[in-house]
Amino acid sequence: MKTPSDENHDLIRWLDGEMTADERRAFEATLQNDPELAAEAESMRQLSESLKTHLPAEMPVPHADFFNSQIQVRIAQMELDDAREREKAAESTAGWLSWLRMPWLVGAAAAAFAIAGLVWTQNSSSGTSTIASTYTPNPSVHAQVFHSADAQATVLMLDGLEPVPAEKKIVGFRVHRAESDAEVATTTLFDENGSVLAVVALNAKGQPQVLK
Amino acid sequence: MSAAAPAATDPVEPLDVDLVKRSQAGDTRAFDLLVTRYRSRIYAMTYHLIQNETEAWDLAQEAFIKAWRALPNFKLDAAFYTWLYRIAHNVTYDWLRKKKIQGDGEFDDERTEHRAMPGSRTAPQGFDAPDRAMKRQELGSRIHEAIARLTPDHRQAIVLREIEGLSYEEIAEMMKCSLGTVMSRLFYARKKLQEMLKDTYENPV
Amino acid sequence: MTKEIPNQKSEWRGRVKPLRHSCFVILSSFVLLNSSFCPAQQPAPVPAKKPATDGKVWGALVYATTDAAKLTGSTEKAPENQKDLSGRLGKVFTPYTHFEIIGQHFQDVFREYESWVVPSRDLFLKIDSKGPAAGGGMNLHLQVWREQQVLVKTDAVLHPGSPLFIGGPKWRDGQLLFVLDLQRK
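What you see is a predicted model, and the numbers here were worked out from it, not measured in a lab.

## Considering the overall build of chain C
When helices and strands are counted, chain C shows two helices and eight strands. Each helix (α) and strand (β) of chain C, taken in turn from the N terminus, gives the series α-β-α-β-β-β-β-β-β-β. By the burial criterion, 52% of the 185 residues in chain C qualify as buried. For chain C, long-range pairs separated by at least 24 residues make up 59% of all intrachain contacts whose partners lie at least 6 apart in sequence.

What follows is the structure in structure tokens.
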């Protein structure tokens, strides 16, 4: 005797075309004699059609160019890291030459350039910080990246930002440590004495709010 | 599962296998073409599985990055898309597991089984929040809402079957479960969807 | 899919870490009507063990000006390992001659979660670790925020002792700058 579970499975297999021809004939004979089951089968068939209609197998990726370019940037970064690993022991000049011999990587870097605005990479076996890509959501803001040997620093200049109003008081913190709570998406900032300075919480849009 | 996007069969377009070989040789431009060719399908899959645009976007991207890393091991013994799809599914599945997003109990497999015994076949319990606003919504958005309320396991089974058209065996392999479990998940997922969409079918928009 | 406004492009990058707004978005989409999942309704969590970190950074917000009289009077001092910070900033950010630390923040960079570096409540940084880089460095995705607006997103590799100087918005007669430096382990 068939269990309810078997009956359910038969219905599903019939619906999904997973039955053999014999099984199918037998099940359809059952349907003829069981109006309740037949109604259920028809209802499930309609649902299945609705799902196929309304759940597209393809959906346009939002900001598709950015999607691709970010992949290229990350691949270029991974290749860079791999190359560094491989050539850790080599002289930095040799490293550069080997880089230039990797045409696909140059292509990847070019793609990164095209999308991310100014992209600056440097062979930094000496431990110099680098910026591989920048993206400024506001089109009137431009990012420039360069290395200052004098300052021994990597510089990211943001031009075109709205000035902060002069009357606004910029409130500085001296944060000694922070604790994050992944469950509620907050970060609590503590001073040296363990007192709470502020809490960073994300709103529904993912924007941070610094609560005092 | 269909092996390739329509573009791949266009004589002008390079074949997947050629793009894969070039990618394996380190040609990121070839890989970029593969990304362009399959991003809409991979994104649709991640979106349907987690029902969140931003996260789906990130996970689709992560899938392509992982695929790039794994390309040297791809033996070309399967269709590229099938292989890519598995990676994307695993990335999404891991994410879901990591987030420990479960149904809240009402929709877990066990309880649903109790509620959806055969006796309720033609009398499913009504979805108890069919307010007027919902009635005005398009069937499509109702379906999306209903899908979002399934447990991740039920949602995956439905997406793999109804959208990707995978066989039960393929679903079982992908979800690392038995054929019986696949059938149960498909059955109860559909029962749940029927319940939630009951109002829609009785009062078509 | 209607997110076609260019400025919203900013919302589509670098969110693969668990600690984010997505917590809320997912909550709302998955369990809209079944709020027992909502963490707010759960008992207070037992303090978790210390999360894994990939390193530690020092971040500071600096006010640059040409006029000493315009300084805000902040008493913050650069840590000892930031040798001649004012002099180095002066080599990049001309014509400013005075550099005052308004706020500073030592922050562990979490491996699994995003890390916020908040030297001020108005301008701050978000870091997503992408794992260690060769030579003791760290791959990261960095965002500069001004209140609820993201100004720039970058993929960067930081190395200890090689700070990042970020030229931010103008303020009063000067400019606000960030310094971000990976600390040696």
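From this point on, the discussion continues.
## Considerations on the interface of chain A and chain B
Contacts between chain A and chain B engage 40 residues on the former and 41 residues on the latter. Elements with a contribution of two residues or more to the side of chain A that touches chain B: α1 (4-15), α3 (35-54), α4 (64-86) and α6 (103-116) of chain A. Ranked by residue count, the leading element in the side of chain A that touches chain B is α3(A), at 11 residues. Of the residues assigned to the side of chain A that touches chain B, the class counts are 21 nonpolar, 10 polar and nine charged.

## What about unusual backbone geometry?
Between Thr94(C) and the following residue, Pro95(C), the backbone shows a cis peptide bond with an omega angle of 5°. Within the element layout of this structure, Pro95(C) appears in the loop between α2 (85-92) and β2 (98-110). For Gln152(A), which is not glycine, the phi torsion reads 50° and is therefore positive. In this structure, Leu76(B) is a non-glycine residue whose phi angle is positive, near 65°. For Leu76(B), a count of 12 C-beta atoms within 10 Å translates into the label exposed.

## Let's talk about the environment of Ala156(C)
Take Ala156(C): it is sitting in strand β6 (residues 149-158). Since 25 C-beta atoms lie within 10 Å of it, Ala156(C) is described here as buried. Considered as a pair, Ala156(C) and Leu142(C) are 14 residues apart in the sequence and their alpha carbons are 7.1 Å apart. The residues touching Ala156(C), leaving out its near neighbours within four places in the chain, are Ser129(A), Thr130(A), Ile131(A), Ala132(A), Leu140(C), Leu142(C) and Leu164(C).

## Some words on the confidence of the model for chain C
All names here are of chain C. When pLDDT is averaged across chain C, the result is 77; 74% of the residues are at 70 or more. When the criterion is pLDDT under 50, residues 1-47 qualifies, and its contacts beyond four places in sequence or with other chains add up to 90 contacts. Reported confidence for the predicted complex is 0.75 by ipTM and 0.47 by pTM.

## Re the sheet that holds strand β1 (residues 130-135) of chain A
Taken in spatial order, the five strands line up as β1(A)-β6(C)-β5(C)-β4(C)-β3(C) in an open sheet, and their pairing is antiparallel. Every interior strand has two partners, whereas the edge strands, β1 of chain A together with β3 (115-117) of chain C, have only one. Between one strand and the next, the sheet's axes are offset by a mean angle of 25°, whatever the strand orientation. Sheet analysis places β3(C) next to strand β4 (residues 123-133) of chain C, joined by three bridges and oriented antiparallel. Bridge pairing in β4(C) links Trp116(C) to Lys126(C).

## Points about the nonpolar core
Ranked by size, the top nonpolar core spans 131 residues in total, and within it Tyr43(B), Ala60(B), Val62(C), Val118(C), Leu177(C) and Phe178(C) carry the most contacts. At 12 residues, the largest contribution of residues to this core is made by helix α2 (residues 28-50) of chain B. Setting aside residues no more than four positions away along its own chain, Leu177(C) makes contact with Val62(C), Ala64(C), Leu89(C), Phe93(C), Phe165(C), Ile166(C), Gly167(C) and Gly168(C).

## Considering the sheet that holds strand β7 (residues 164-171) of chain C
Taken in spatial order, the seven strands make up an open sheet running β2(A)-β3(A)-β7(C)-β8(C)-β1(C)-β2(C)-β4(A), and their pairing is mixed. Edge strands, defined here as strands with exactly one partner in the open sheet, are β2 (142-148) and β4 (174-175) of chain A.

## Remarks on the interface of chain C and chain A
Facing the 71 residues of chain C at the interface are 71 residues of chain A. Those elements that provide at least two residues to the side of chain C that touches chain A are α1 (22-30), α2, β2, β5 (137-146), β6 and β7 of chain C. Considering every element that reaches the side of chain C that touches chain A, the biggest residue donor is β6(C), with nine residues. Classifying every residue of the side of chain C that touches chain A gives 37 nonpolar, 20 polar and 14 charged. Alignment of β4(A) against β2(C), held across two bridges, turns out to be parallel. By the bridge assignment, Arg174(A) is partnered in β2(C) with Gln104(C).

## Quick word on the confidence of the model for chain A
Residue and element names in this part refer to chain A. Considering every residue of chain A, the mean pLDDT works out to 79; 76% of them sit at 70 or more. Ranking the elements of chain A by mean pLDDT puts α6 last, at 48, and β4 first, at 93. Across residues 110-125, confidence stays below pLDDT 50; counting only partners more than four residues off in sequence or on other chains, it has 49 contacts.

## A closer look at the packing of helix α8 (residues 152-163) of chain B against helix α9 (residues 168-175) of chain B
Residue and element names in this part refer to chain B. Viewed as axis vectors pointing N to C, α8 and α9 meet at an angle of 140°, and their least axial separation amounts to 10 Å. As far as their axial angle goes, α9 and α8 are oblique. The handedness of the crossing between α8 and α9 is right-handed. Contact with α8, carried on its side by Gln156, Ala157, Leu160 and Arg161, involves Ile171, Met174 and Met175 of α9 and no other residues of that element. Of the residues assigned to the contact of α8 with α9, the class counts are five nonpolar, one polar and one charged.

## Some points on the environment of Arg161(B)
With respect to the helices and strands, the residue Arg161(B) is situated in helix α8. By the C-beta count within 10 Å, which is 26 here, Arg161(B) ends up buried. In the structure, Arg161(B) is positioned 25 residues away from Leu186(B) in sequence and 8.3 Å away in space, judged by C-alpha atoms. With near-sequence residues (within four places) excluded, Arg161(B) lies in contact with Asp16(A), Leu166(B), Ile171(B) and Leu186(B).

Rules of the game
- Residues numbered from 1 in each chain as written.
- Chains lettered and ligands numbered in written order.
- Predicted model: local features only at pLDDT ≥ 70, side-chain atom pairs only at ≥ 80, totals over all residues.
- Helix = DSSP H or I, 4+ residues; strand = E, 2+ residues; numbered from the N terminus.
- Buried ≥ 20, exposed ≤ 12 C-beta atoms within 10 Å, placed from the backbone.
- Contact = placed C-beta atoms within 7 Å.
- Nonpolar A, V, L, I, M, F, W, Y, C, P; charged D, E, K, R; others polar.
- pLDDT = per-residue confidence, 0-100.
- Pairing = 2+ DSSP bridges.
- Axes fitted to C-alpha atoms, helices over the stretch in contact; angles between N-to-C directions.
- Core = buried A, V, L, I, M, F, W, Y, C linked by C-beta atoms within 7 Å.
- Parallel < 35°, antiparallel > 145°, perpendicular 65-115°, else oblique.
- Left-handed = near helix turned anticlockwise from the far one by under 90°.

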